Amino acid sequence: MARNRCKILIIEDDPGFRELLTGILNQMDENFEVRCGGSYREAREAIQKELPDLILLDIYLPDKDGFYFLEEFRKNGHEDIPVVLVSASGNEKDKLRGLELGAMDFINKPIAIEDIRARVAFQLRLKKITDDQKWACQKTNEGIKLLYKELEKKNKKLEQLDQLKDEFVSMVSHELRTPLTAIKSSLSVVYGDTEGRLSADQKRFLEISRKNIDRLARLINDVLDYEKLKSKPVGFKMAENDLNALIGETVRDFEPIAANKNLRLETEFEADLPKFALDRDKIMQVLTNFLNNAVKFSEKGKIRIKTARWDGDTVRVSVEDEGVGIEEENLPKLFQTFSQITNQGFRKPGGTGLGLAISKSIVEGHRGRIGAESVYGKGSTFYFILPLRVGK
Amino acid sequence: MRNRPKVLIIDDSEADRILLHEAIKKAGLEVEVQTARSGEEGVKKANELRPEAIIVLDTLMPGMNGFEACKKIKEMDQDSKVILCTGVVDAVDAAKARAAGADDYCVKTDDYEAVVGAIKSLITS
């Protein structure tokens, strides 16, 4: 079967010369499919029938000249088919005009057989390289388009799944809260009514129940908070606040908890800090989360809470502990949803794994940013930076 | 009656072999499908199936990869029809496929749409 045969078109009005050229080409490669035409009209007919891989074109034709054909051929969009002009004139002007119109090369009559062979071979090689590149480019584009389509499909599916998950989590959390409230209030009725009549053991067990119900309620609130923040990023109650005072208050609440573990709390406040707009409850929530983590993961030493001016119009709030620290590879995971890092040798502290993700949403809702630094075994620093939007 | 055209799937991934076979059936192509799990096995089978098989070749395989296998198959028989397919499109790979003599180069997506399309157009050509 003849596949990939090279098609060459000769446009030449001299029958003897046509035959000579055909002979040279056929001798060069028996796979060449050589066709001929003797005039502009025949040339047009030939290319309408089938486009060749190479055209050898005589300048002087009986009806219209080779330049006319060449100009029209290029104008019709056949940019990638090489045309080699064949002429007896050897005229420099003709050569220049031919090149301007898009000829790839020139062959002068009388012809040298070796010269023709080399030039034809060169043009065909060039054509093949161009064709190959065009093919590869086209195939790549097709592939990219398909992959893109597939990616879009997958993305849409993921979005749907994510939404389903959100709805599910939200529904479950709400459903859990209702019975929990019932248990909690019933328990406090028992606890309150029968204070004097309870034995020490009973009291202890009731206390354990109460603590764990509180914990469960906190976890469920975390989940709900996160879902809320995700679905409604706005909705902050912004008001001017004294950040240092707010931090001082939060830290005081933590003192008994820290003292229980023999941890010292130290504060260092930026003296010159203006009041600025923030959501008091939300920022307290972030701070509580930081402090909770610091206490949870520290066995000794102190926890330093610091505010400092940062990059001009921002303030940086940091909580620095001397606890177990976080391995470097785990740092990027910290603020992701449901991520909890377990430290070897320490029990896995309970939590939803949502605390830091919620904190991140809150800080970003204030147009701030959140981060952590840590040296494993030496301690961690969690910080957030807020813009001081004074007067707004 | 004319014999059904043969399609030879050469892919080291069993999942791809099965799923592509299914996609061909689903598309309603009246072909006889055979498979090979490596470039080496594929070249041997391609030789046995000569001359009418359409060969679908995965580019990335341990041992003899798709480009090498394509070259070998084309050396045995210039007229064999080879489709090289890939999981990731890459202009360099496309150029390599062309240089290896592939008749088509396409991407394997979940539904194998492009591969099945390429087989179809080679059958009708």
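Our subject is the structure listed above.
Residues numbered from 1 in each chain as written. Chains lettered and ligands numbered in written order. Predicted model: local features only at pLDDT ≥ 70, side-chain atom pairs only at ≥ 80, totals over all residues. Heavy atoms only, no water.

**Let's talk about the overall build of chain A**
- The helix and strand inventory of chain A stands at nine helices and 12 strands.
- In terms of C-alpha radius of gyration, chain A reaches 41 Å, well past the compact-globule figure of 21 Å for 392 residues.
- In terms of principal-axis extent, the alpha carbons of chain A reach across some 130 × 50 × 45 Å.
- Out of the 392 residues in chain A, the part that is buried amounts to 40%.
- Considering only contacts within chain A whose residues lie at least 6 apart along the sequence, 69% involve residues at least 24 apart.
- Only carbon and sulfur atoms are counted for the fraction: they give 52% of the accessible area of chain A, which is about 22,700 Å². (Helix = DSSP H or I, 4+ residues; strand = E, 2+ residues; numbered from the N terminus. Rg over C-alpha atoms; globule rule 2.2 N^0.38 Å. Buried < 20%, exposed > 50% of the residue type's maximum accessible area, 1.4 Å probe, protein only. Contact = heavy atoms within 4.5 Å. Areas by Shrake-Rupley, 256 points an atom, 1.4 Å probe, with all protein chains shown as cover.)

**Some details on the nonpolar core**
- Counting 47 residues, the largest nonpolar core has Val7(B), Ile24(B), Leu57(B) and Ile119(B) as the members making the most contacts within it.
- Here this core gets six residues from one element, more than from any other, and that element is helix α5 (residues 113–124) of chain B.
- If you look at the next biggest cluster of nonpolar residues, it comprises 44 residues, including Met284(A), Val317(A), Val319(A) and Ile362(A). (Core = buried A, V, L, I, M, F, W, Y, C linked by side-chain atoms within 4.5 Å.)

**Points about the packing of helix α8 (residues 280–296) of chain A against helix α9 (residues 355–365) of chain A**
Residues and elements named next belong to chain A.
- For the pair α8 and α9, interaxial distance at closest approach is 9 Å and the crossing angle is 145 degrees. Taken as a pair, α8 and α9 cross one another with a handedness that is left-handed. Taking contact as the criterion, the partners of Lys 282, Ile 283, Gln 285, Val 286, Asn 289, Phe 290 and Asn 293 in α8 are, on α9, Gly 355, Leu 356, Ile 358, Ser 359, Ile 362 and Val 363.
- Residue composition of the contact of α8 with α9, grouped by class: seven nonpolar, five polar and one charged. (Axes fitted to C-alpha atoms, helices over the stretch in contact; angles between N-to-C directions. Left-handed = near helix turned anticlockwise from the far one by under 90°. Nonpolar A, V, L, I, M, F, W, Y, C, P; charged D, E, K, R; others polar.)

**Concerning the interface of chain B and chain A**
- Residue-level contacts link 23 residues of chain B with 17 residues of chain A.
- When chain B packs against chain A, close to 1,600 Å² is buried across both sides, 55% of that on carbon and sulfur atoms.
- When the buried area of chain B at its contact with chain A is split by residue, Asp79(B), Val89(B) and Arg98(B) rank highest and sum to 34% of it.
- Run the count over chain B and chain A and you get five salt bridges.
- One salt bridge in this structure joins Asp104(B) and Lys139(A), with 2.5 Å as the shortest N-O distance.
- Put simply, chain B and chain A have three residue pairs in polar contact (both at pLDDT 80 or more) between them. (Buried area = accessible area lost by both parts, 1.4 Å probe. Salt bridge = Lys/Arg side-chain N within 4 Å of Asp/Glu carboxyl O. Polar contact = N/O pair within 3.5 Å; in protein donor to acceptor, adjacent residues only side chain to side chain.)

**Comments concerning a nonpolar patch on the surface**
Residue and element names in this part refer to chain A.
- Together, Met 104, Phe 122 and Leu 126 line one region of the surface with nonpolar side chains, adding up to about 250 Å² of accessible area.
- Here Met 104 lies in the loop between α4 (92–101) and β5 (105–108).
- Residue Met 104 is classed as partly exposed on the basis of its relative accessible area, which comes to 40%. (Patch = residues over 30% accessible without salt bridge, like charges linked within 9 Å, V, L, I, M, F, W, Y side chains within 5 Å.)

**Section: the pattern of salt bridges**
- Under the counting rule described, the total for this entry stands at 40 salt bridges over all chains.
- Measuring nitrogen to oxygen at the nearest pair gives 3.7 Å for the salt bridge that ties Lys75(A) to Glu71(A). Note that Lys75(A) and Glu71(A) are positioned in helix α3 (residues 66–75) at a spacing of four residues, about one turn of the helix.
- In this structure Lys75(A) comes out as exposed when scored by relative accessible area, which is 66%.
- The class for Glu71(A) is partly exposed, based on a relative accessible area of 31%.
- The salt bridge involving Lys154(A) is made with Asp110(B); its shortest N-O contact spans 3.7 Å. Placement of the pair is Lys154(A) in helix α5 (residues 113–193) and Asp110(B) in the loop between β5 (104–107) and α5, with the two residues belonging to separate chains.

**A look at helix α4 (residues 91–99) of chain B**
- The complete set of buried residues in α4(B) reads Asp93(B), Ala94(B) and Ala97(B). Summarising the axial view, the buried residues of α4(B) lie within an arc of 100 degrees, below the 170-degree limit, and thus occupy one face. Along α4(B), exposed side chains directed more than 90 degrees from the buried face belong to Val92(B) and Ala99(B).
- Summarising the contacts, the buried residues of α4(B) are in contact with α5 of chain A together with α3 (66–76), β4 (81–86) and β5 of chain B.
- Measuring from the side-chain oxygen of the N-cap residue of α4(B) to the backbone nitrogen of Val92(B) gives 2.7 Å; that N-cap residue is Asp90(B).
- Backbone geometry just after α4(B) places Gly101(B) at a positive phi near 95 degrees. (Arc of directions from axis to C-beta.)

**Regarding the environment of His366(A)**
All names here are of chain A.
- With respect to the secondary-structure elements, His 366 resides in the loop between α9 and β11 (369–375).
- By relative accessible area, which is 2% here, His 366 ends up buried.
- Residues contacting His 366, with those up to four places away along its chain left out, are Phe 236, Met 238, Leu 278, Asp 279, Lys 282, Ile 283, Leu 386, Pro 387 and Arg 389.

**Description of the packing of helix α7 (residues 243–260) of chain A against α8(A)**
All names here are of chain A.
- Closest axis-to-axis distance for the α7/α8 pair is 10 Å, and the angle between their directions is 40 degrees. By the angle between their directions, the pair α7 and α8 is classed as oblique. Every pair of crossing elements has a handedness; the one defined by α7 and α8 is right-handed. Of the residues in α8, those in contact with Leu 243, Leu 246, Ile 247, Glu 249, Thr 250, Val 251, Phe 254 and Ile 257 of α7 are Arg 280, Ile 283, Met 284, Leu 287, Thr 288, Leu 291, Asn 292 and Val 295.
- Classifying every residue of the contact of α7 with α8 gives 11 nonpolar, three polar and two charged. (Parallel < 35°, antiparallel > 145°, perpendicular 65-115°, else oblique.)

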